[in-house]
Amino acid sequence: MDTLVILSPLVVGYLIPLRHRPTLQLIDRALTAIIYLILGLMGVGLGSMDNLAGEIGGILTLTLTLIGLTLVANIAALPLVDKRWPLSLGQQEGEVRTLAMVVESLQLAGVVLAGFMLGLLFPQPSAHIESGVNLILMLLLLLIGIQLRASGMSLRQILLNPRGLAIAAAVLGTSLLAGAVTAWLWQLPIHHGMALAAGTGWYSLSGALISAKLGPAMGSVAFLADLCRELIAIILIPLMMRRQPATAIGYGGATAMDFTLPIIQKSGGPQTVPIAIVSGFVLSLAGPILIPFFLSLG
């Protein structure tokens, strides 16, 4: 799917000014179900691949390279934001259920694994899987657009938070660089490596978009790399918040506005929340724009 096709439902969804809380809660539950369905189909596609045994080693190697380079690049750049905009933090407000959050993330990996096993037992034609994923993905993006509009973030609020914008820029720039270097190291098209890195933690979106265009093997690389970003962030945020708050907020990537936000708030206090929301919002908006753009380059 090209960039315009991908962006159309996202833009249409964003233009819907929905504020009815029960409906938004229903959309949230629908998104969860759709994400599980897409990840399950991605697993089926992976299990149905020809020459699967030969692909597994490449998937793991590529994933570990991308994770390592992204971690190093992000952590090298984000302290510059702390130097430019130092942040005085309040007191910690309590403990967060880190183990529960890790388990919640791993549940999604379990869905991919279940789909993978199903694909091994009952292989499906890749064309059928791709068509199903594409249709479901359009609905997913429409609902995501509605959610982004309902988040209440205005352009004015984003532009008036230079620290959040700087964190997002540092994360996105260094992540794309890491993706490009990963592709160069493993002799892949550079724009494919940048597409793999552009999700910045939004594993359900990046895995689905890339799987639809490049196949389940590359979709699995994007999913695993972004899932590991979230898991690493859960561990790093409490450890780094006091010394390097921009690094703690930034490494969470797109998840800083939702999944890792409670950890950020508990570790850094209420003043970190607007920064995290702006950073996460910008990165969440960048993913569905940049991934299809890079995939459309060749």
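This report concerns the structure included in the present document. Because the structure is a prediction, the values reported are computed rather than measured.

**Quick word on the overall build of the protein**
Part 1 of the reasoning: Looking only at helices and strands, the protein features 14 helices and zero strands.
Part 2 of the reasoning: Along its sequence from the N terminus, the protein presents helices and strands in the succession α-α-α-α-α-α-α-α-α-α-α-α-α-α.
Part 3 of the reasoning: Buried positions account for 53% of the 298 residues belonging to the protein.
Part 4 of the reasoning: In the protein, the share of contacts with a sequence separation of at least 24, taken over all contacts with a separation of at least 6, comes to 83%.
Part 5 of the reasoning: Of the roughly 13300 Å² that the protein leaves accessible, carbon and sulfur atoms contribute 69%.

**Describing the nonpolar core**
Part 1 of the reasoning: Core analysis: the largest hydrophobic core is formed by 79 residues, its most contacted members being Leu39, Leu140, Ile144, Ile167, Leu196 and Ile210.
Part 2 of the reasoning: For this core, the leading source of residues is helix α11 (residues 216–240), giving 13 residues.
Part 3 of the reasoning: If sequence neighbours within four positions are ignored, Leu140 has contacts with Leu31, Ile34, Ile35 and Ile38.

**A closer look at the packing of aromatic side chains**
Part 1 of the reasoning: Throughout the structure, instances matching the rule amount to one aromatic pair.
Part 2 of the reasoning: Lying across the ring of Tyr251, Arg229 places its NZ or CZ 4.9 Å from the centre.

**What about the environment of Gly115?**
Part 1 of the reasoning: Relative to the assigned elements, Gly115 resides in helix α5 (residues 98–121).
Part 2 of the reasoning: Among the residues examined, Gly115 registers a relative accessible area of 6% and is labelled buried.
Part 3 of the reasoning: Along the chain, Gly115 and Leu37 lie 78 residues apart, while their C-alpha atoms are 9.3 Å from each other.
Part 4 of the reasoning: When sequence neighbours within four positions are dropped, the list of residues in contact with Gly115 reads Gly40, Gly43 and Val44.

**Here we look at a nonpolar patch on the surface**
Part 1 of the reasoning: There is a patch of nonpolar side chains on the surface, built from Leu113, Met117, Leu118, Leu120, Leu121 and Phe122 and spanning about 610 Å² of accessible area.
Part 2 of the reasoning: Mapped onto the secondary structure, Met117 falls in helix α5.

**Describing α11**
Part 1 of the reasoning: The terminal C-alpha atoms of α11 lie 35 Å apart, and with 25 residues this matches the ideal 36 Å at 1.5 Å per residue to within 8%.
Part 2 of the reasoning: Its maximal kink placed at Ile234, α11 deviates by approximately 30 degrees, while the proline Pro238 follows within four residues.
Part 3 of the reasoning: Counting buried residues along α11, 19 of its 25 residues qualify, which places the element largely inside the surrounding structure.

**Topic: the packing of helix α13 (residues 261–268) against helix α14 (residues 272–295)**
Part 1 of the reasoning: Interaxial distance between α13 and α14 falls to 9 Å at its minimum, and their mutual angle equals 150 degrees. Viewed along their axes, α13 and α14 adopt a mutual orientation that is roughly antiparallel. Crossing handedness for the pair α13 and α14: right-handed. From α13, Leu261, Ile264, Gln265 and Gly268 reach across to α14, where they touch Thr272, Val273, Ala276 and Ile277.
Part 2 of the reasoning: Looking at the contact of α13 with α14 residue by residue, the classes come out as five nonpolar, three polar and no charged.

**Remarks on the side chain of Thr70**
Part 1 of the reasoning: Of note, Thr70 is situated in helix α3 (residues 52–77).
Part 2 of the reasoning: Setting aside residues up to four positions removed in sequence, Thr70 forms contacts with Ser175, Ala178 and Arg229.

**Regarding the side chain of Thr182**
Part 1 of the reasoning: Its location among the elements puts Thr182 in helix α8 (residues 162–185).
Part 2 of the reasoning: Residue contacts for Thr182: discarding those within four places in its chain leaves Leu62, Thr65, Leu66 and Leu69.

**Comments concerning the packing of helix α2 (residues 21–47) against helix α10 (residues 203–214)**
Helix-helix packing is characterised by the crossing angle of the two axes and by the distance between the axes.
Part 1 of the reasoning: In the contact formed by α2 and α10, the axes pass within 10 Å of each other and the chain directions differ by 45 degrees. Between α2 and α10, the crossing angle belongs to the class labelled oblique. The way α2 lies across α10 gives a crossing that is left-handed. When α2 is examined against α10, the residues Ile35, Ile38, Leu39 and Met42 are found in contact with a partner set consisting of Ser204, Gly207, Ala208 and Ser211.
Part 2 of the reasoning: Tallied by class, the residues present in the contact of α2 with α10 amount to five nonpolar, three polar and no charged.

The rules behind the values
- Residues numbered from 1 in each chain as written.
- Predicted model: local features only at pLDDT ≥ 70, side-chain atom pairs only at ≥ 80, totals over all residues.
- Heavy atoms only, no water.
- Helix = DSSP H or I, 4+ residues; strand = E, 2+ residues; numbered from the N terminus.
- Buried < 20%, exposed > 50% of the residue type's maximum accessible area, 1.4 Å probe, protein only.
- Contact = heavy atoms within 4.5 Å.
- Areas by Shrake-Rupley, 256 points an atom, 1.4 Å probe, with all protein chains shown as cover.
- Core = buried A, V, L, I, M, F, W, Y, C linked by side-chain atoms within 4.5 Å.
- Phe/Tyr/Trp six-rings, centres within 6.5 Å; stacked < 30°, edge-to-face > 60°.
- Lys NZ or Arg CZ within 6 Å of the ring centre and 35° of its normal.
- Patch = residues over 30% accessible without salt bridge, like charges linked within 9 Å, V, L, I, M, F, W, Y side chains within 5 Å.
- Salt bridge = Lys/Arg side-chain N within 4 Å of Asp/Glu carboxyl O.
- Expected span 1.5 Å × (residues − 1).
- Bend = angle between axes of the 7 residues up to and from the residue.
- Axes fitted to C-alpha atoms, helices over the stretch in contact; angles between N-to-C directions.
- Parallel < 35°, antiparallel > 145°, perpendicular 65-115°, else oblique.
- Left-handed = near helix turned anticlockwise from the far one by under 90°.
- Nonpolar A, V, L, I, M, F, W, Y, C, P; charged D, E, K, R; others polar.

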